[in-house]
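Analysis of the macromolecular model
Chain by chain, the residues run as shown.
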Amino acid sequence: MKRFEGRRVLITGAGSGIGQATVHRILAEGGIVVAVDVSEAGLAATHQRAEADGTADQLSTVVVDISDEASVRAGVGGAITGLGGLDVLVNAAGILRSAHTEQTTLEFWNRMLAVNLTGTFLVTREALPALLATGRGVVVNFSSTSASFAHPYMAAYAATKGGIQSFTHAIAAEYAKQGLRAVSVAPGSIASGMTADPGLPADADMSWFVKLQPALGQGFAGPETVAGVIAMLASDDGAFVTGTEIRIDGGTHA
Ligand SMILES: NC(=O)c1ccc[n+]([C@@H]2O[C@H](COP(=O)([O-])OP(=O)(O)OC[C@H]3O[C@@H](n4cnc5c(N)ncnc54)[C@H](O)[C@@H]3O)[C@@H](O)[C@H]2O)c1
């Protein structure tokens, strides 16, 4: 399947986990991909895998801190200019930190917002003119099951993800007449850098988390499971999907 032949795709969080798996999925389907991450080492690993797959000539990488307006302007703006436009934006970059809410500092709260919510806004704002110019641009943003279901110790994270869900649906309505589609995905129970160490408080009630198992009974899924859904949504196969959220959690919250 070559659903992304000739399509220009920018993916954040591309140095690890779901973002990285999405890079390789879209490269395999013929896309021209700009991989964005704050981690140079992560991007090097992404590039190395593309070399092994024989897709490195379709890939470029840019180090950007999505929480930093100047970094986004230079890195994301420069990459889009280099591509000569943009067809698809996938905002997968994010951080997960946990804490008891009464012990959450303002600095912690602000950092969660700055990366997850403000970062998604900054990259989207930078990309919108190019996406709108194609008349069929697509934005895929990352919410989480935490936005809609109770996950203790993750109030700050959940609030950022709820914000991303609302932001996505608002831009879907705002730009639909210009052909833009905007969809949020809500993964859960996906093995990645983030879930390997959610940084739970030392005294967290773990009995709550053992309940968080996919109903499908196969344990946590790999990031490529989410990448496949994103490829569907971002391709013409998702042409009538916008302003909604797709949950990808193996039925953890069924
Ligand atoms: N894994 C899950 O079960 C799960 C569940 C719900 C939502 N999500 C969301 O999926 C997305 C991908 O997460 P993942 O599970 O692959 O985690 P991950 O930790 O493996 O990948 C996140 C990537 O984002 C990058 N990043 C962090 N801060 C950044 C910044 N300021 N600028 C640029 N890049 C930055 C990291 O370097 C990393 O490469 C995130 O938005 C996450 O919140 C994941």
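Residues numbered from 1 in each chain as written. Predicted model: local features only at pLDDT ≥ 70, side-chain atom pairs only at ≥ 80, totals over all residues.

1. Regarding the UniProt feature "domain: Ketoreductase" (unreviewed entry) in the protein chain
The sites that carry the UniProt feature "domain: Ketoreductase" (unreviewed entry) are, in the present numbering, residues 7-193. In the segment residues 7-193, helix accounts for 49% and strand for 17%; the C-alpha atoms at its two ends are 28 Å apart. (UniProt positions renumbered as here; feature names shortened; annotations may be inferred. Helix = DSSP H or I, 4+ residues; strand = E, 2+ residues; numbered from the N terminus.)

2. Description of the site of the ligand
Surveying the vicinity of the ligand reveals 33 residues, the closest of which are Ser16, Gly17, Gly94, Ser192 and Gly193. Only α1 (17-28), α4 (106-134) and α6 (193-196) provide two or more residues apiece to the shell around the ligand. Looking at the shell around the ligand residue by residue, the classes come out as 14 nonpolar, 17 polar and two charged. (Near = placed C-beta within 6 Å. Nonpolar A, V, L, I, M, F, W, Y, C, P; charged D, E, K, R; others polar.)

3. A short note on the packing of α1 against helix α2 (residues 40-53)
Two elements in contact, α1 and α2, have axes separated by 10 Å at closest approach and are oriented at 30°. The angle between the axes of α1 and α2 places the two elements in the roughly parallel class. The hand of the α1/α2 crossing is right-handed. Along its contact with α1, which presents Gln20, Val23, His24, Leu27 and Ala28, the element α2 presents Thr46, Arg49, Ala50 and Asp53. Within the contact of α1 with α2, the residues separate by chemical class into four nonpolar, three polar and two charged. (Axes fitted to C-alpha atoms, helices over the stretch in contact; angles between N-to-C directions. Parallel < 35°, antiparallel > 145°, perpendicular 65-115°, else oblique. Left-handed = near helix turned anticlockwise from the far one by under 90°. Contact = placed C-beta atoms within 7 Å.)

4. What to know about helix α3 (residues 69-83)
Between its first and last C-alpha, α3 extends 20 Å over 15 residues, near the 21 Å set by a 1.5 Å rise per residue. Every buried residue of α3 is listed here: Val72, Gly75, Val76, Ala79 and Ile80. Viewed end-on, α3 has its buried residues packed into an arc of 120°, placing them on one side of the element. Turned more than 90 degrees away from the buried face of α3 sit Ala70, Thr81 and Gly82, all of them exposed. Check the buried side of α3 and you find it contacts β1 (8-12), β2 (32-37), β3 (59-63) and α4. Just downstream of α3, Gly84 is the residue with a positive phi angle, here 75°. (Expected span 1.5 Å × (residues − 1). Buried ≥ 20, exposed ≤ 12 C-beta atoms within 10 Å, placed from the backbone. Arc of directions from axis to C-beta.)

5. Details of the pairing of strand β6 (residues 181-187)
Across a regular strand the side chains alternate sides, sitting on one face of the sheet and then on the other. For β6, a buried count of seven out of seven residues is recorded, marking the element as mostly surrounded by other parts of the structure. Neither face of β6 is exposed, since Arg181, Val183, Val185 and Pro187 on one face and Ala182, Ser184 and Ala186 on the opposite face are all buried. Where strand β5 (residues 138-142) and β6 come together, five bridges link them in parallel fashion. Opposite Val140, over in β6, you have Val183 as the bridge partner. Between the parallel elements β5 and β6, the chain passes through helix α5 (residues 155-175) in a crossover that is right-handed. Summarising the sheet, β6 and strand β7 (residues 245-248) pair through four bridges and their orientation is parallel. Note that in β7 the partner of Ser184 across the bridge is Glu245. (Pairing = 2+ DSSP bridges. Right-handed = clockwise from strand over helix to strand, strands pointing away.)

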